[in-house]
Amino acid sequence: MSQGGQDPAKPIQTQPQWQSASGTSHPGQYSRPYPVVPPGIESLVEVDEVTFRKKVFETPDGQILYSVKQDWECCGNPLILKLKDPYEREVLHAHLLAESGCCNSYRELQVEAPPGYPIGFVSYRSKRGLQFSISDEQREPIFTSQIKSHSFPKKPTEICSVQGSHPIGRILKIKGKPSKIVIQFPRDLEAKMKAVILMTYLYMKYRVDEINSEHHSAE
């Protein structure tokens, strides 16, 4: 959200590092501070659950947060994700990063909000299933998650602390017509990390679809 005439496509640079949840403070009134969030993901600040269906992220009461467009580059990046708000503005962007070497393997997803400003990274490796590591913009590992391609997303997926022992969120499938994916995380989790977790789900889905496609081709 732009303030003081700033370009809404750029992060707010003139605000202090912390601000109150209400934006104002009054004597004797307690106000919980939170980090200033990038423009476009303010709607994630107070939510603890997001649903995904028909390429749209919504709140449990049906408020549309973001529509998802998945793209790729011919002979280049195999995954580009663009999340647009209800006004069709791209507020979240993610793309795979190519590793050095002759094979140019793509194993890490860079998440940006707004586009061009990294807020986190998601990497994966294949070891007893698929292991995903979620890091902040400084590449400091924050969360970890492990899935199996044959059971995702049928079985609930836990997002754990970096030590892997303390669950902080879940991804689960709710059956219905149509079915939907529910992504849960703590309400007080930083909005940037909530956004990275949403992208993590899309990255998990991409990798599982990729593996299932390879298996079908081999049959």
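Residues numbered from 1 in each chain as written. Predicted model: local features only at pLDDT ≥ 70, side-chain atom pairs only at ≥ 80, totals over all residues. Heavy atoms only, no water.

**Looking at the environment of F57**
Put simply, the rule reads: Per the convention used, a helix needs a DSSP run of H or I reaching at least four residues, while a strand needs a run of E reaching at least two, with both numbered from the N terminus. Burial classes follow relative accessibility: with a 1.4 Å probe on protein chains only, a residue under 20% of its type's maximum area counts as buried, one over 50% as exposed, and anything between as partly exposed. Throughout, a contact is declared for two residues whenever any of their heavy atoms are within 4.5 Å.
In this structure, F57 sits in strand β4 (residues 56-58). Residue F57 is classed as buried on the basis of its relative accessible area, which comes to 0%. Separated by 27 residues in the primary sequence, F57 and K84 place their C-alpha atoms 10.0 Å from one another. Apart from the residues lying within four places of it in its own chain, the contact partners of F57 are V50, T51, F52, Q63, I64, L65, Y66, V68, L83, I183, L198 and L202.

**Topic: the sheet that holds strand β7 (residues 90-98)**
Selection rule: Pairing between strands is defined by DSSP: at least two bridges between them are needed. Helix axes use the C-alpha atoms of the stretch in contact, all axes being lines fitted to C-alpha atoms, and the angles between their N-to-C directions lie in the range 0 to 180 degrees.
Taken in spatial order, the twelve strands close into a barrel running β3-β4-β5-β6-β7-β8-β9-β10-β11-β12-β13-β14, and their pairing is antiparallel. Strand-to-strand twist across the sheet, computed as the mean angle between neighbouring axes with direction ignored, equals 20 degrees. By the bridge criterion, six bridges tie strand β10 (residues 130-136) to strand β11 (residues 141-147) in an arrangement that is antiparallel. When the bridges of β11 are listed, S135 appears paired with P141.

**Here we look at the pairing of β11**
Every other side chain in a regular strand lies on the same face of the sheet, so the side chains alternate between the two faces. Turn length for the β10-β11 hairpin, with the two strands adjacent in sequence and antiparallel, is four residues, and the turn residue R139 shows positive phi of about 65 degrees. Of the strand pairs in this sheet, β11 and strand β12 (residues 157-161) are connected by three bridges, and their pairing is antiparallel. Along β12, the bridge assignment pairs T144 with C160.

**Brief notes about the pattern of salt bridges**
Our working rule: By definition here, a salt bridge exists when the distance from a side-chain nitrogen of Lys or Arg to a carboxyl oxygen of Asp or Glu is within 4 Å.
Summed over the entire model, instances satisfying the criterion amount to nine salt bridges. Where R53 meets E58, a salt bridge forms, and the shortest distance between an N and an O atom there is 3.6 Å. The salt bridge partner of R207 is E210, with a shortest N-O separation of 2.8 Å. One end of the pair is R207 and the other is E210, both in helix α1 (residues 191-218) and three residues apart, which spans about a single turn. Here the residues in one salt-bridge network are E137, E190 and K192, joined through shared partners.

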